[in-house]
Amino acid sequence: MRQSKLNLPQEKVKKARSLATDIVRPVQNFIHEHTTISVERAALRLMGADGVDSEGVPVPNIIADSLKGHLADGLSKYYINALIQKNITSGELNKAIINGLDLTQIEFTDQNKLKNKALELIGNFEKKVKGNIAYRNKKHDEYKGNEKSPLLYVIVATGNIYEDVKQAQAAAIQGADIVAVIRTTAQSLLDYVPYGATTEGIGGTYATRENFRIMRKALDESCTKVKRYIRLVNYCSGLCMPEIAVMGALERLDMMLNDSMYGVLFRDINMYRTFIDQNFSRMINAYSGIIINTGEDNYLTTSDAFEKAYTV
């Protein structure tokens, strides 16, 4: 039997784990039995739903709003059915939805066809993610001789993705190994993901798929120059946690601050929803090889600040 390095009493460890299991089991059971609007929108993104209308409303949100009352059925079913029945691509369907196509008015096809099409679309996502993992691993191997320890973590937070890029690339040249792009103030409370490149964030830059793509491309250019793999970090929390996880998987982010408790404790986000969202988002992150950082540092530092502020 392997000796514990910390010399902890194993009976107490075993008891603590048993108690933790008793606490977690009903929560996990609840998670498995439920979905949320953001999980359903994330699933739509997995299937190819993308783009915005003239008012900036994302296609997944348009679909979700038009299918109120059908959440428990799974919103992706309607999207997949439209792809089959209309015999069009995801891009074409997204445009049709933006132009007012009502998915509920399309007759449903055979269940087997729906299942096969879903597997095809998920397979496309899987292929993209596996390609990202392979590329990341290749670069880690290529540059492993130049990697330092500990890794240097740098934050950029201009609010403008193009200015963020300048700072990130300069930081890489100066020795940064990890670049974290801080999100704009209160994006965690937006119930949609903004679209495209953004330049007007406050205290940080919006987490969007295009911003992820722009920064990943810039850091890849820096990798070539400095001969080190530069890791990209963003925030996967708040009301759109599952959707941001999907976008990060597609655009090869390396780390995500992925935590629900910060939203519960400090943002007053519904804990039923956010625990379900966290479960889904962490499965996506784990599958994509994205390192998950949790938010315990926030609880500790915030609690410490409160204690100092209110201690006479």
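Scroll up a little and you will see the structure.
Summary of the structure given here. Being a predicted model, the structure only gives us computed values, none of them experimental.

**A word on the overall build of the protein**
Then step 1. Per the secondary structure count, the protein includes 12 helices and 5 strands.
Then step 2. Computed over C-alpha atoms, the radius of gyration of the protein comes to 22 Å, within 12% of the 20 Å expected from 2.2 N^0.38 for 312 residues, which places it in the range of a compact globule.
Then step 3. Approximately 17,100 Å² of the protein is accessible, and the part contributed by carbon and sulfur atoms is 54%.

**Quick look at the packing of aromatic side chains**
Then step 1. This model, assessed by the stated rule, comprises 3 aromatic pairs.
Then step 2. Note on phenylalanine 30 and tyrosine 272: the rings are 5.2 Å apart at their centroids and 55 degrees apart in plane angle, and the pair reads as tilted. With a gap of 242 residues between them, phenylalanine 30 in helix H1 (residues 10–32) and tyrosine 272 in helix H11 (residues 271–287) connect regions that are remote in the sequence.
Then step 3. Here the aromatic rings of tyrosine 78 and phenylalanine 108 are separated by 5.2 Å at their centres, their planes lie at 70 degrees, and the arrangement is edge-to-face. Of this pair, tyrosine 78 sits in helix H4 (residues 76–86) while phenylalanine 108 sits in the loop between helix H5 (90–98) and helix H6 (111–143); the two residues are 30 residues apart in sequence, bridging distant segments of the chain.
Then step 4. Residue class for tyrosine 78 comes out buried when judged on its relative accessible area of 6%.
Then step 5. Against the face of phenylalanine 108 rests lysine 77, its NZ or CZ located 5.5 Å from the ring centre.

**Some words on the side chain of arginine 228**
Then step 1. Topologically, arginine 228 is positioned in the loop between helix H8 (209–226) and strand E3 (231–235).
Then step 2. Relative accessible area serves as the criterion here: at 9%, arginine 228 is assigned to the buried category.
Then step 3. Reaching out from arginine 228, the side chain makes a polar contact with the side chain of aspartate 177 at a distance of 3.0 Å.
Then step 4. Residue contacts for arginine 228: discarding those within four places in its chain leaves Tyr143, Asn146, Lys148, Ala172, Gly175, Ala176, Asp177 and Cys223.

**Section: the side chain of serine 260**
Then step 1. Mapped onto the secondary structure, serine 260 falls in the loop between strand E4 (255–257) and helix H10 (261–266).
Then step 2. Apart from residues no more than four positions distant in its own chain, serine 260 is found in contact with Met241, Thr274, Phe275 and Gln278.

**Some points on the packing of helix H2 (residues 37–47) against helix H9 (residues 241–250)**
Then step 1. Where H2 meets H9, the axes come as close as 7 Å, and the angle between the chain directions of the two elements is 20 degrees. In terms of orientation, H2 lies roughly parallel with respect to H9. Judged by the sense of rotation from one axis to the other, the crossing of H2 with H9 is right-handed. Touching Ser38, Val39, Arg41, Ala42, Arg45 and Leu46 of H2 are Pro242, Glu243, Val246 and Met247, all from H9.
Then step 2. When its residues are assigned to classes, the contact of H2 with H9 shows 6 nonpolar, 1 polar and 3 charged.

**Remarks on the sheet that holds strand E5 (residues 291–293)**
Then step 1. A sheet is described by the order of its strands in space; here 5 strands give the open sequence E1-E2-E3-E4-E5, paired in parallel fashion. The open sheet is flanked by strand E1 (153–156) and E5, the only strands paired with a single partner. The sheet shows a mean angle of 25 degrees between the axes of neighbouring strands, taken without regard to direction.
Then step 2. Two strands pair when backbone bridges link them, and strand E2 (residues 178–181) and E3 are joined in this way by 3 bridges, in the parallel orientation.

**Considering empty space enclosed by the protein**
Then step 1. One pass over the full model with this rule turns up 2 cavities of 30 Å³ or more.
Then step 2. Computed from the structure, the largest cavity encloses a volume of approximately 50 Å³.
Then step 3. Ile161, Val181, Thr205, Tyr206, Ala207, Asn211, Phe212, Met215, Leu232, Val233, Asn234 and Leu253 together form the lining of the largest cavity.
Then step 4. At the level of elements, H8 and E3 are the ones that each hand at least two residues to the lining of the largest cavity.
Then step 5. Considering only residue class, the lining of the largest cavity consists of 9 nonpolar, 3 polar and no charged.
Then step 6. Put simply, the second largest cavity is a space of about 30 Å³.

Thresholds, definitions, all that
- Residues numbered from 1 in each chain as written.
- Predicted model: local features only at pLDDT ≥ 70, side-chain atom pairs only at ≥ 80, totals over all residues.
- Heavy atoms only, no water.
- Helix = DSSP H or I, 4+ residues; strand = E, 2+ residues; numbered from the N terminus.
- Rg over C-alpha atoms; globule rule 2.2 N^0.38 Å.
- Areas by Shrake-Rupley, 256 points an atom, 1.4 Å probe, with all protein chains shown as cover.
- Phe/Tyr/Trp six-rings, centres within 6.5 Å; stacked < 30°, edge-to-face > 60°.
- Buried < 20%, exposed > 50% of the residue type's maximum accessible area, 1.4 Å probe, protein only.
- Lys NZ or Arg CZ within 6 Å of the ring centre and 35° of its normal.
- Polar contact = N/O pair within 3.5 Å; in protein donor to acceptor, adjacent residues only side chain to side chain.
- Contact = heavy atoms within 4.5 Å.
- Axes fitted to C-alpha atoms, helices over the stretch in contact; angles between N-to-C directions.
- Parallel < 35°, antiparallel > 145°, perpendicular 65-115°, else oblique.
- Left-handed = near helix turned anticlockwise from the far one by under 90°.
- Nonpolar A, V, L, I, M, F, W, Y, C, P; charged D, E, K, R; others polar.
- Pairing = 2+ DSSP bridges.
- 1 Å grid on protein atoms, 1.4 Å probe; cavity = no way out; pocket = protein on both sides within 12 Å on 5 of 7 lines; lining within 4 Å.
- Points joined across faces, edges and corners; volume = space filled by probe spheres on them.

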